[in-house]
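Each chain, letter by letter, is given below.
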Amino acid sequence: MTTMTEHLFYKTATELSALLEKKEITSVELTKAFIERTKATDDSVKAFLSYDEADALAQAEASDKRRAEGKPLSALDGVPVSLKDNMAVTGQPHTCASKILEHYVSPYDAHITEQLKKAGVVLWGRLNLDEFAMGSSTENSAFQTTANPWDLERIPGGSSGGSAASLAAGQTPLSLGSDTGGSIRQPASLCGIVGMKPTYGLISRYGLAAFASSLDQIGPFAHTIKDVALLLGIIAGHDRRDSTSYKTEIPNYVEALESKKGPWTIGVPKEYFGEGLDPEVKASVEKAIAFYKDQGCTIKEVSIPKLDLALPTYYIIATAEASSNLARYDGIRYTHRSEDTKNAIDVYFKSREEGFSEEVKRRIILGTYVLSSGYYDAYYLKAQKVRTLIREDFMKAFESCDVLITPTTPTTAFKRGEKSADPLQMYLSDIYTISVNLSGLPGLSLPCGYSSEGLPIGLQLIGKPYEEAELLSIAHAFESAHDYSAKHPEL
Amino acid sequence: MAEDKNSIDIDYVANLARIDLSQEEKDRFQKQLGDVLVYFEKLSAVDVEGVEPMAHPFPVYNVLEEDVVEEGFTAEEALMNAKHQRNNQVIVPKVVE
Amino acid sequence: MEYEAVIGLEVHVQLKTQSKMFTRARCAYGEAPNTLTNPVVMALPGALPVMNKEAIRKTVQVGLMLGCEIAQSCKWDRKNYFYPDSPKNYQISQYDQPICDGGFVEIEMPGPSRNVMGEHRKVKLTRIHLEEDVGKLTHYDGESLVDYNRAGRPLIEIVSEPDLFSADEAFAYLTSLRTHLLYLGVSDCDMEKGQLRCDANISVRPKGQKELGVKVEIKNLNSISGVRNGITYEIKRQIALCQKGEGASIVQETRSWDADKGITFSMRSKEMAHDYRYFPDPDLMPVRVSEEIKKTLADALPERPFAKQERFMKEYNLPYTITSVLCPDKALSDYFESAVKAHNNPKAIANFIANDLLRELSNAGCDMAHPLEGCKIQPEALAELAKLVDEGMISKQIAQDVLVIMFETGDAPEKIVEEKGLKQSSDTGELESICSEVIANNPKPVQEFKDGKDTAINALKGQVMKATKGKANPKMVDDILRKLLS
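Residues numbered from 1 in each chain as written. Chains lettered and ligands numbered in written order. Predicted model: local features only at pLDDT ≥ 70, side-chain atom pairs only at ≥ 80, totals over all residues. Heavy atoms only, no water.

Trainee: Describe the overall build of chain B, with residues and values.
Mentor: Counting secondary structure elements, chain B contains 3 helices and 3 strands. The order of α-helices and β-strands along chain B, N terminus first, is α-α-β-α-β-β. Computed over its C-alpha atoms, the radius of gyration of chain B comes to 22 Å, more than 25% above the 13 Å expected for a compact globule of 97 residues. When its C-alpha atoms are laid out on the principal axes, chain B stretches across 55 × 45 × 25 Å. (Helix = DSSP H or I, 4+ residues; strand = E, 2+ residues; numbered from the N terminus. Rg over C-alpha atoms; globule rule 2.2 N^0.38 Å.)

What follows is the structure, given as C-alpha cells:
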C-alpha cells in the first residue's frame, strides 16, 4: 500500500484516470492516498484550510460503485479535485480565508461545483488563499500562511497559493483557483506546475465569491497541460446564471492537443523583458523561445506600449469593484457579527473591523476612495478608458501572432515576509499577468526551468480570446519536449 | 475632503466603507495609499480623448431571462448562517437614522 | 407677500412580474417571512444577477404610455450605501442612462362642480428608471427584524419635473399616473401594500419669482390621502415660515409625514451627505431596446384613459359625471363597451353599471381596485336586462331588483323575470279597473288635476304602480288615467 500510494500522489490525473479505467485501482484507494499524503505534509505546507475525509471517501465509494456498474460519468470520475476556498459547495465551508466568513457554510453549489459533481469527481478539501483573493503570496490568509513546497521558507505565490502548493506537494492531482490579476498563473509559476486562466466568460463565475467582477476568472491547476485540458473541458461552458458567461461551443481540448501542430507565429512583447526581470528567469524564457524557433515557429518581436499603465489601471478597477462586492459582508445575514454593538451602524463598523484583515481593509479603502464623489472621473472612468487602450495593444499584437510568450513573474518565489510591509512592491509582482485580465484574454503558466537555487520558473503564454484549444496545444508542444513537469519537490 | 490630491481623507472614506480603523491603521494607510496614488498618477498623463470606457472584456447586449419562477430557498436555508434570528427573520440592533 | 409652492414627485412602482428583477425567485405579497429568496436575493458570496426580460418590457410600456423617449441603450449602475434591508449593500439601479427619458402625465384638475370636467394639463416627467426593491424592516423596542421577501422585486421610479403647484395638483397627478399604470396592468398600484410609494420634493417661492426655493423632501406619504394632506401641511409650514421672515430656516432636508399627528418632522439627517459611489455594475450587460420591440409594444398599448373618456362622451353621448366613474377603471369601461355592443343603449347600461352594479359590488365587499373580479353578471347579461326594459317587458324599477338577483345568482335576466313573475302587466282591462279604483279613492289629486295641475297625475300613477307591484307599464297607466279623467 505505501509504495502504491507513493507512486500515486504525483501521478497525473490522466494517469489516474487510466488506472481507474483499467480497474487497477479504486477511487477509494487513490482518495485515501491523497488524504494520507495531505496529512503527512500539510503541517508544513498548510495548503488546506479544511477537509472532510469521510465526505471525500463517501464520494469515492459512490464513484467506485458507478464504475463497477459500468457507468462512470466522465474520464475524471473518481479523481480528486480540490477547490480554492472561495467557491461554493453545498454544506461545505466557504471562508475566502476571511474571519468574516469563518463559520459560514454554503447552502448552494457554484456552477463549477455542479459541473464537477456531474463529472463524478471527488471534491477534496478547501484550499488556502489570500483573503478574498487579495494578494500575491497567500500571506494575507486570516488563518494560515501556506508554504512553497520547493522551499518552505518561501511563499507559494497567490492568491491561489493553496491550490498551487497542494498540487506541488502531491496532496491533490487537480485543483481550481481563481485569477483576477495573476492569481492562478503566478502561483503556478512559483510552484512549478501548470495553471491556466481562461478567457473572461469561458467559465461561469456563479458561486465564486467576487473580488473584481470584470476581472475574476476561475481556472484549473494541474501537473500537465493535458490534465488542464481535461479539467477545463468539464468546467467550461455557458451558464445562464452568470450574465457575463459567454455562449460558445466547447471543443474537446484533449483531442485538440494532438491535432493542432503549428508552426505558429509567436509574439515576444519586448516590454516584458526590461528592467526588474531576474536574469535567470529571463534566460529560461529565452531558451523556451529558442525551442519554438527550432520547431519552425516564427518568432516576432511585438510591442504592448501601454503595458506600464496596466498596474495602476488594474488596482483602480479591482479595488473599486471589490469595495462594492465586499459590502455584502456586513455582519447582518450570514457573516461574523461583532458582539460589541449598540445599533445597526455598529454592526457594520465593528463586524467589518474585526472580520477583515489589513490588506482587505486597505483595498476597500482605496476602492471606496476612487469611486467617491469628485474622484470617479479621474480614477475609475479614466482607468476604464486606459483599459480599452491596453486591450487594443494586445489585439493589435494578435493581428500578426497566434500567441504571446512572456515570463509569468519577474522573479522566482520570494521569502515569506519579504514584501508584506510594502503593498506597492507586492503589487509589482503581478506586473506580467495583470494586463491579461484587463484584456480578458486566456493565459497560462507552465514550468520552463529552475533557478540555481532549485526554484521553479514559469513561462506565460497568452492566447487570443476563446482560443484555449490553440493555446493549450502550443503549451503542450513545449511540455512534451521537456521534463520540467516531471520534477517534484522533496518534502 | 483631502487638500493634497495624493492624500486620502481616511476618516471620510472609512465611514463610507463602514469600517472602523485604529489610529495606527489610519496612519499606515494614509502613507501607503498616498504612495499608491502617486503611482496612479501615471494615468493622468494618458490621452484618452474619444476612447470608450471598457466595462466588460466582451460586452454583449440583452442578456435577459424569461420571467419564469424557479424554486428558491426555504426560510431555514435562507437563514442557516444567521446567528441572530427570530420568527424566521434576521434580528438587527436598533436602526438609527 | 404671496407665495407659491413648487412640487416634484418621485413615485416608486412595483412591477407585477412573476420573478424578481435580477433572479428567478418568486415575487408575492403576504408570504411567510424569508420564503421568497435564493442565493442572489440573500447576496450570498458568489451570487450573480441576471435581468428579467418582462420587467424591461413593462418599463418600456410605461415609457411609451407616458410619451417618454425610450433609450437606445442603457446600463445598470450600483448605488452603494449600507442599510439592513439592502442585502448587497448596493442597489442595482440606473444612474445616468435611464430606460425612459422625458414624457408627461396628463392630469385633470377638479372642475367648478362635480358635473363639469376640470382643466387638463400635461405634467412633465424627468425620467423613469428601473431598479430593485429592498427588504422590509419591522421595528421593535431596541431591535428590528428583517424580511427579504420584497428584496429584489422590480421597481420603477417615475420622477416628475418640479411642475406641480399645489397639493390638489399633486393629488391629481398621482391619481392619473395610477390610472395610466392600471390601464397597462403593469402594477396593482396598491399603496397600502407598498406597490406604489410616493416621495415629494417641495419648495416655496414668492409668486412671480423664477428661481426655486430650498427643496425639502417628504417621505412616508403612504396613502393617496396622505399625499394630499402631507403636501398641504408642508406647503403651509414653509409659507408660514417665509411670512414670519424665517424663510432662511427652511433647510434642504428630509422630513417624514406623520399621518396620525398630521405633521411633517425632520428625520435626523445622516451624519454626512450621501456619496453613493455610482459605477456601472460589472456583473450585468447593457440593454438595447430595438425599434421592433418598441413598435410591437407601442401597437399593443391600450387607449389612454382621458382619450377614452372623451370618446365615451362623444360616441355614446354620456354625461361627464358617468364617464368619470367608468373610465378610470379600464376593466369597467371595457365592460361597458361589451354590453353596449350587445344592446345599443349606452345611457341605460352606463347607469346600471355606475349606480346599481358598483353599489352591489361595493356592498359585497369586492376589492374596488378590481371591482369586476368575480362579478357574476356578464356584460351580455346586463345588456339583456337593458333590452328587457327597452322592450317594455319590465319597468326600470323592476330591472333594478332583477339586477340584484342577477348579481347574487348569476342567472339570466329573462329567467329571473319568468320565475318571479315580474313581467310587466299590459292587460288593459285589469289596469283600467285598478285606475278607476285609484281615482275613486284619491279625490284630492283628481281635483287638482282637473283644476289644471298636470303634475298631480303623478300621485295617481304612483298609487297604480304600488297596486300592481311595479309591473304596470308606466306609459299605459298614464294613457288610461288621462282617458278616465278627461
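Moving on, there is more to tell.
Trainee: Before we move on, can you summarise the overall build of chain A with the specific residues and values?
Mentor: Counting secondary structure elements, chain A contains 17 helices and 11 strands. Relative to the 2.2 N^0.38 estimate, which gives 23 Å for 491 residues, the radius of gyration of chain A is 21 Å and therefore close to what a compact globule would have. Expressed as lengths along the three principal axes of its C-alpha atoms, the size of chain A is roughly 65 × 55 × 45 Å. Counting the 491 residues in chain A, one finds 69% classified as buried. (Buried < 20%, exposed > 50% of the residue type's maximum accessible area, 1.4 Å probe, protein only.)

Trainee: Outline the pattern of salt bridges, supporting the account with residue identities and numerical values.
Mentor: All names here are of chain C. Considering all chains together, one arrives at 65 salt bridges over all chains under this definition. Taking the shortest distance from any N to any O, the salt bridge between Lys483 and Glu432 comes out at 2.7 Å. In this pair, Lys483 is assigned in helix α15 (residues 474-485) and Glu432 in helix α12 (residues 428-441), connecting sequence segments 51 residues apart. Using a relative accessible area of 25% as the deciding quantity, one classes Glu432 as partly exposed. Of the charged contacts, one joins Arg482 and Asp454 as a salt bridge, the two residues approaching to 3.1 Å between their closest N and O atoms. (Salt bridge = Lys/Arg side-chain N within 4 Å of Asp/Glu carboxyl O.)

Trainee: Report on the nonpolar core, specifying residues and quantitative values.
Mentor: Core analysis: the biggest nonpolar cluster contains 203 residues, and A:Ile112, A:Leu116, A:Phe132, A:Leu461, A:Leu472 and B:Phe40 have the highest contact counts within it. Ranked by the residues each element gives to this core, the list is headed by helix α11 (residues 310-325) of chain A, at 9 residues. Residues in contact with A:Leu461, not counting those within four places in the same chain, are A:Tyr292, A:Val403, A:Leu404, A:Ile405, A:Pro442, A:Gly443, A:Leu444, A:Leu446, A:Leu471, A:Ile474 and A:Ala475. Core analysis: the second largest hydrophobic core is formed by 108 residues, C:Cys100, C:Leu130, C:Leu221 and C:Leu301 among them. (Core = buried A, V, L, I, M, F, W, Y, C linked by side-chain atoms within 4.5 Å. Contact = heavy atoms within 4.5 Å.)

Trainee: Quick rundown of the sheet that holds strand β6 (residues 90-93) of chain C? Include the residues and the values.
Mentor: Within the open sheet, the 3 strands sit side by side as β6-β5-β17 (chain C). Their pairing is antiparallel. This sheet does not close on itself; its edge strands, each paired only once, are β6 and β17 (279-280) of chain C. Sheet analysis places strand β5 (residues 77-80) of chain C next to β6(C), joined by 4 bridges and oriented antiparallel. Along β6(C), the bridge assignment pairs C:Asp77 with C:Ser93. Against the sheet, α11(A) touches β5, β6 and β17 of chain C, its axis set at about 60° to β5(C). (Pairing = 2+ DSSP bridges. Axes fitted to C-alpha atoms, helices over the stretch in contact; angles between N-to-C directions.)

Trainee: Would you mind going over the side chain of C:Ser160 in detail, with residue names and values included?
Mentor: By the element assignment, C:Ser160 lies in strand β12 (residues 154-160). Contact partners of C:Ser160, with chain neighbours within four places excluded, come to C:Gly8, C:Leu9, C:Lys124, C:Leu125, C:Thr126 and C:Tyr173.

Trainee: Can you explain the sheet that holds strand β9 (residues 403-407) of chain A? Please cite residues and give values.
Mentor: Residues and elements named next belong to chain A. Here 11 strands make up an open sheet; going across it, the order is β1-β3-β2-β4-β6-β5-β10-β11-β9-β7-β8 and the pairing mixed. Two strands in the sheet have a free side with no partner beyond their single neighbour: β1 (48-50) and β8 (298-302). Pairwise comparison of adjacent strand axes, ignoring direction, gives a mean angle of 35° for this sheet. Of the pairings in the sheet, the one linking strand β5 (residues 194-197) to strand β6 (residues 217-222) comprises 2 bridges and is antiparallel in character. Residue pairing for β6: Val194 is matched across the bridge by Ala222. Together, β1, β2 (80-84), β3 (122-127), β4 (174-179) and β6 form the strand contacts of helix α6 (residues 161-168), whose direction differs from that of β4 by roughly 155°. Across the sheet, helix α8 (residues 225-235) is in contact with β2, β4, β5, β6 and β10 (443-450); its angle to β6 comes to roughly 145°.

Trainee: If you had to explain the interface of chain A and chain C to someone new, which residues and values would you point to?
Mentor: Listed as interface residues are 38 residues of chain A and, on the opposing side, 31 residues of chain C. Counting each side, the surface lost to burial between chain A and chain C is near 2,800 Å², with a carbon and sulfur contribution of 58%. Taken as a group, A:Ser243, A:Arg328 and A:Arg333 account for 23% of the area that chain A buries against chain C, more than any other trio of residues on that side. Of the charged contacts, one joins C:Asp283 and A:Arg205 as a salt bridge, the two residues approaching to 3.0 Å between their closest N and O atoms. The interface formed by chain A and chain C contains 18 residue pairs in polar contact (both at pLDDT 80 or more). Contributing elements (two or more residues each) for the side of chain A that touches chain C: α11, α12 (344-355) and α13 (358-371) of chain A. For the side of chain A that touches chain C, the element with the highest residue contribution is α11(A), accounting for 4 residues. Counted by class, the side of chain A that touches chain C contains 18 nonpolar, 11 polar and 9 charged residues. (Buried area = accessible area lost by both parts, 1.4 Å probe. Polar contact = N/O pair within 3.5 Å; in protein donor to acceptor, adjacent residues only side chain to side chain. Nonpolar A, V, L, I, M, F, W, Y, C, P; charged D, E, K, R; others polar.)

Trainee: For helix α8 (residues 346-363) of chain C, give the residues involved together with the corresponding values.
Mentor: All names here are of chain C. With 18 residues, α8 ought to run about 26 Å at 1.5 Å a step, and its terminal C-alpha atoms sit 24 Å apart, in line with that. Along α8, the helix axis deviates most sharply at Ile353, where the bend reaches about 35°. Along α8, the positions that sit buried rather than exposed are Pro346, Ile349, Ala350, Phe352, Ile353, Ala354, Asp356, Leu357, Leu358, Glu360 and Leu361. Phi turns positive, to about 75°, at Gly365, one or two residues after α8. (Expected span 1.5 Å × (residues − 1). Bend = angle between axes of the 7 residues up to and from the residue.)

Trainee: So what about the packing of aromatic side chains? Which residues, and what values?
Mentor: Evaluated as defined, the whole model comprises 35 aromatic pairs over all chains. Consider the rings of A:Tyr369 and A:Tyr375, whose centres lie 4.6 Å apart with planes at 35°: the pair is tilted. Of the two residues, A:Tyr369 and A:Tyr375, both sit in the buried class. Centroid distance C:Tyr233 to C:Trp257: 6.2 Å. Interplanar angle 45°. Geometry classified as tilted. In this pair, C:Tyr233 is assigned in helix α3 (residues 224-243) and C:Trp257 in strand β15 (residues 253-258), connecting sequence segments 24 residues apart. Judged by relative accessible area, which is 26%, C:Tyr233 ranks as partly exposed. Through pairs of rings, three or more aromatic residues link up here, namely A:Trp150, A:Phe291, A:Tyr292, A:Tyr450, A:Phe478 and A:Tyr484. Across from the ring centre of A:Phe414, 4.4 Å away, lies the NZ or CZ of A:Lys419, which sits over that ring. Geometry around C:Phe104 places C:Lys122 over its ring, the cationic atom sitting 4.4 Å from the centre. (Phe/Tyr/Trp six-rings, centres within 6.5 Å; stacked < 30°, edge-to-face > 60°. Lys NZ or Arg CZ within 6 Å of the ring centre and 35° of its normal.)

Trainee: Could you give an account of α12(C), with specific residues and numbers?
Mentor: Residues and elements named next belong to chain C. Between its terminal C-alpha atoms α12 stretches 20 Å, which fits the 20 Å expected from 14 residues at 1.5 Å a residue. Listed as buried for α12 are Leu431, Ile434, Cys435, Val438 and Ile439. Buried residues of α12 fall within an arc of 140° about the axis and therefore sit on the same side. Of the exposed residues in α12, the ones pointing more than 90 degrees away from its buried face are Glu437, Ala440 and Asn441. (Arc of directions from axis to C-beta.)

Trainee: Help me get a handle on the packing of helix α5 (residues 305-315) of chain C against helix α7 (residues 330-342) of chain C, residues and values and all.
Mentor: Residue and element names in this part refer to chain C. Taken N-terminus to C-terminus, the directions of α5 and α7 make an angle of 25°; their axes are 12 Å apart at the nearest point. With respect to α7, the axis of α5 lies roughly parallel. In terms of crossing hand, the pair formed by α5 and α7 is left-handed. Judged by residue contacts, Lys308, Arg311, Phe312 and Glu315 of α5 engage Lys330, Ser333, Asp334, Phe336 and Glu337 from α7. Residues of the contact of α5 with α7, tallied by class, amount to 2 nonpolar, 1 polar and 6 charged. (Parallel < 35°, antiparallel > 145°, perpendicular 65-115°, else oblique. Left-handed = near helix turned anticlockwise from the far one by under 90°.)

Trainee: Quick rundown of the interface of chain B and chain A? Include the residues and the values.
Mentor: Residue-level contacts link 57 residues of chain B with 69 residues of chain A. Overall, the association of chain B and chain A removes approximately 5,600 Å² of surface from exposure, summing both partners, and the carbon and sulfur fraction of that is 68%. Put simply, chain B and chain A have 4 salt bridges between them. B:Glu65 is the partner of A:Arg240 in a salt bridge, and the nearest nitrogen-oxygen pair spans 2.3 Å. Counting across the interface, chain B meets chain A through 20 residue pairs in polar contact (both at pLDDT 80 or more). Broken down by secondary-structure element, the contributors of at least two residues to the side of chain B that touches chain A are α1 (10-17), α2 (23-40) and β3 (89-93) of chain B. No other element matches α2(B), which puts 10 residues into the side of chain B that touches chain A. Of the residues in the side of chain B that touches chain A, the class split is 36 nonpolar, 7 polar and 14 charged.

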